[in-house]
Every structure is written in structure tokens, then in C-alpha cells.
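# Per-entry structural report
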Amino acid sequence: KSRQVPAGRRSNTSPMARWISRSGRNPGPQVPTKSPAGGGLPYADRVTVRQLLQHSSGLQGDLPPHDLRAGADLTQEDAIASLPDARILTPPGTEFRYSNLGYRILAEIVHRVDGRPWPEYAPAELLTPLGMADSGATPSESLRTRCAQGYRPGISRDRPTPIAAIDTALAVGDGDLWSSLHDLTRWVVEQLRPVSGNTPTVLSAESLLEMQTGSFVASPDRSEARGLGWNTVRREGGVLVTHGGRL
């Protein structure tokens with residue numbers, strides 16, 4: 001299983017070029033690591049899965065066009081086919097640089113290794129086992145009608161502007177999952193199982209702790225570090241494990 005710790009450790013230190021190739025259960029199009037013109041992904045043989053998880057790969061944030069609010073973004077298939085046009089902005093493993101594109105690549109790796117696309121894999125292997133019935137990549141119409149209305153600051157502070165619904169299907173791996181407050185509570189409880197002495201449901205305690213441990217320094221004062229998906233921030237009296245975000 002892809003969730004096993006030993007297999008995961010070997011895989012997350014392997015280069016992404018190993019996975020974005022014609023191999024696995026769902027080969028997909030082969031993506032060249034270098035193009036004749038010198039573009040492509042010249043560091044694909046050095047960028048590791050772990051670096052993608054930590055946002056230390058050096059990859060640019062997104063591939064244009066990228067404006068979810070305007071419904072403008074690449075499908076997952078087009079995004080992967082466009083990887084030769086992606087740019088490495090800093091050498092892999094040298095600098096924290098948030099990259100949604102990196103998480104799109106991770107979703108594609110899951111697809112190629114497991115055979116199921118990320119929107120099918122995540123509910124089956126992660127959400128359903130945790131009882132997160134109101135979570136997934138494509139919510140039912142009944143769930144859509146329950147969605148909270150988002151707002152952003154307007155011209156006048158006392159009159160915020162409603163935010164239109166976003167087609168998150170165009171954000172595979174980097175913002176496509178919907179959830180409810182109740183389900184997010186279940187997710188947090190799962191994250192806390194190792195420190196509470198309980199056995200996790202979908203990942204081993206060792207894997208969860210590895211995800212939550214800062215292993216790549218992300219700020220000049222060394223107060224912030226990236227785990228695997230999580231961000232850790234040193235505060236007086238302890239370490240905060242967190243992740244913010246918005247669409």
C-alpha cells in the first residue's frame with residue numbers, strides 16, 4: 001500500500017523524473033526532463049518527492065493561465081503536458097518557495113502509482129476511512145447548497161464583497177477538496193492521535209509525526225520550517241503546526 005511507512009520513505013527521496021515517466025499503473029504522457037532548447041525541467045532528476053512536499057523544489061508557483069476566480073486554469077492533463085514549460089527558479093533544496101504546481105505533480109504521481117486519479121484516490125483511501133462523508137473533490141448538489149459564502153474586503157470596510165463560487169476541479173492536488181467544519185474536526189483528531197497515544201486510522205503514527213516535524217528551514221530567523229505538507233512555527237512555549245490558505 002502507498003500508505004506504508006517504509007515504502008514511503010524510499011519513495012519520497014526519489015527524483016520526480018522517476019515517476020513522471022512511462023511507468024506504473026497509469027503511465028500517462030512521458031514528460032521530458034530537458035527540452036532541445038534547454039527548457040523543460042532541467043532539475044527533474046534532482047527534485048525529489050520530499051522537496052515537492054516541503055515546497056523546496058524551486059519550481060514556479062503555477063503554470064499560466066492561473067486565475068481560478070475567472071475560471072481560467074489548466075486541466076490536470078494539460079498541466080502535466082505543459083511541464084516542459086515550467087521554470088525552476090531556485091536550485092532544488094536551497095530555498096522555500098511555495099509551489100501549487102509541485103502539488104499538482106504529487107497528485108499526478110499518486111495517479112500513476114496507484115492507477116486512480118487523485119479525486120478518486122483521496123476519498124477512498126483518506127476521507128472515507130476517517131468518516132469524512134461531507135468531504136471530497138466534487139461535492140454533490142446538496143452539499144453545494146450548504147457551502148458557506150466567502151467574502152473579501154470591499155471599497156467600504158462595512159460592505160464586504162461576496163466571492164463567486166470557484167470550480168476547484170481545476171486545482172487537482174492543490175486546492176480541489178471540499179469539506180465541512182465537522183469533517184475538518186475529524187481530520188484534526190486524526191493528526192493528533194500520535195501525541196494522544198491513540199492509533200491513527202489511515203497513516204502510521206510515525207508518518208504523521210514526520211509530516212508535522214519541520215525539516216526544511218523556511219525563514220531567515222529559522223523560526224519557521226516546512227514539514228511534509230504542514231508548516232511549523234516556533235513560538236514562545238512551543239511549536240505551532242499549521243497551514244493557512246485561500247482560493
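Before any of the text, the structure's been laid out above.
The text that follows walks through the structure, step by step, so that each part is easy to find. The shown structure was predicted, so the numbers you read here are calculated from the model rather than taken from an experiment.

### As for the overall build of the chain
Within the chain, the secondary structure is distributed over eight helices and six strands. Counting helices and strands in the order they occur from the N terminus, the chain gives α-α-α-α-α-α-β-β-α-α-β-β-β-β. Looking at the 247 residues of the chain, the share that counts as buried comes to 40%. Within the chain, contacts between residues at least 6 apart in sequence are counted, and of these 63% link residues at least 24 apart. Summed over all atoms, the accessible surface of the chain reaches about 14,000 Å², with 54% contributed by carbon and sulfur.

### Description of the packing of helix α7 (residues 181–196) against helix α8 (residues 205–212)
The interhelical angle for the contact between α7 and α8, taken along N-to-C directions, is 105 degrees, at an axis separation of 9 Å. The orientation of α7 relative to α8 falls into the category roughly perpendicular. Each of Glu 190, Gln 191, Pro 194 and Val 195 in α7 lies in contact with α8, whose residues at this interface are Ala 205, Leu 208, Leu 209 and Gln 212. Tallied by class, the residues present in the contact of α7 with α8 amount to five nonpolar, two polar and one charged.

### Notes on the nonpolar core
Counting 20 residues, the largest nonpolar core has Met 16, Leu 52, Leu 59, Leu 101, Ile 105 and Ile 109 as its most contacted members. Taken together, the elements giving at least two residues each to this core come down to α2 (49–54), α3 (76–81) and α4 (100–114). Among the elements that line this core, the one with the most residues is α4, at five residues. Contact partners of Leu 101, with chain neighbours within four places excluded, come to Leu 59, Gln 60, Gly 61, Asp 62, Leu 63, Leu 83 and Ala 86. Grouped together as the second largest cluster of nonpolar side chains are ten residues, Tyr 121, Leu 130, Met 132 and Val 202 included.

### Here's the deal with unusual backbone geometry
With a phi close to 60 degrees, His 55 is a non-glycine residue in the positive phi region. You can see His 55 is positioned in the loop between α2 and α3. Of note in this structure, Arg 222 is not a glycine but carries a positive phi near 65 degrees. For Arg 222, the location among the structural elements is in the loop between β3 (216–217) and β4 (224–226). Residue class for Arg 222 comes out exposed when judged on its relative accessible area of 60%.

### So, the sheet that holds β4
Taken in spatial order, the four strands line up as β3-β4-β5-β6 in an open sheet, and their pairing is antiparallel. With one partner strand each, in any of the chains shown, β3 and β6 (238–242) form the two edges of the open sheet. Two strands pair when backbone bridges link them, and strand β5 (residues 231–235) and β6 are joined in this way by five bridges, in the antiparallel orientation. For Thr 232, the partnering residue across the bridge sits in β6 and is Val 241.

### What about α7?
Between the first and last C-alpha of α7 there are 21 Å, a value that for 16 residues agrees with the 22 Å anticipated at 1.5 Å per step. Remark: the principal bend of α7, roughly 30 degrees, maps to Glu 190, with a proline, Pro 194, within the next four residues. In this fold, the buried residues of α7 make contact with α8. Of the residues trailing α7, Gly 197 is marked for its positive phi of about 85 degrees.

### Thoughts on a nonpolar patch on the surface
On the surface, Val 188, Leu 192, Val 195 and Leu 209 cluster together to form a nonpolar patch covering roughly 350 Å² of accessible area. A total of three residues in the nonpolar patch trace back to one element, the largest contributor, which is α7.

### With respect to the environment of Met 16
Looking at where Met 16 falls in the secondary structure, it is placed in the loop between α1 (5–12) and α2. Assessed through its relative accessible area of 2%, Met 16 is described here as buried. Sequence separation between Met 16 and Val 49 is 33 residues; the distance between their C-alpha atoms is 5.9 Å.

So, how was this worked out
Residues numbered from 1 in each chain as written. Predicted model: local features only at pLDDT ≥ 70, side-chain atom pairs only at ≥ 80, totals over all residues. Heavy atoms only, no water. Helix = DSSP H or I, 4+ residues; strand = E, 2+ residues; numbered from the N terminus. Buried < 20%, exposed > 50% of the residue type's maximum accessible area, 1.4 Å probe, protein only. Contact = heavy atoms within 4.5 Å. Areas by Shrake-Rupley, 256 points an atom, 1.4 Å probe, with all protein chains shown as cover. Axes fitted to C-alpha atoms, helices over the stretch in contact; angles between N-to-C directions. Parallel < 35°, antiparallel > 145°, perpendicular 65-115°, else oblique. Nonpolar A, V, L, I, M, F, W, Y, C, P; charged D, E, K, R; others polar. Core = buried A, V, L, I, M, F, W, Y, C linked by side-chain atoms within 4.5 Å. Pairing = 2+ DSSP bridges. Expected span 1.5 Å × (residues − 1). Bend = angle between axes of the 7 residues up to and from the residue. Patch = residues over 30% accessible without salt bridge, like charges linked within 9 Å, V, L, I, M, F, W, Y side chains within 5 Å. Salt bridge = Lys/Arg side-chain N within 4 Å of Asp/Glu carboxyl O.

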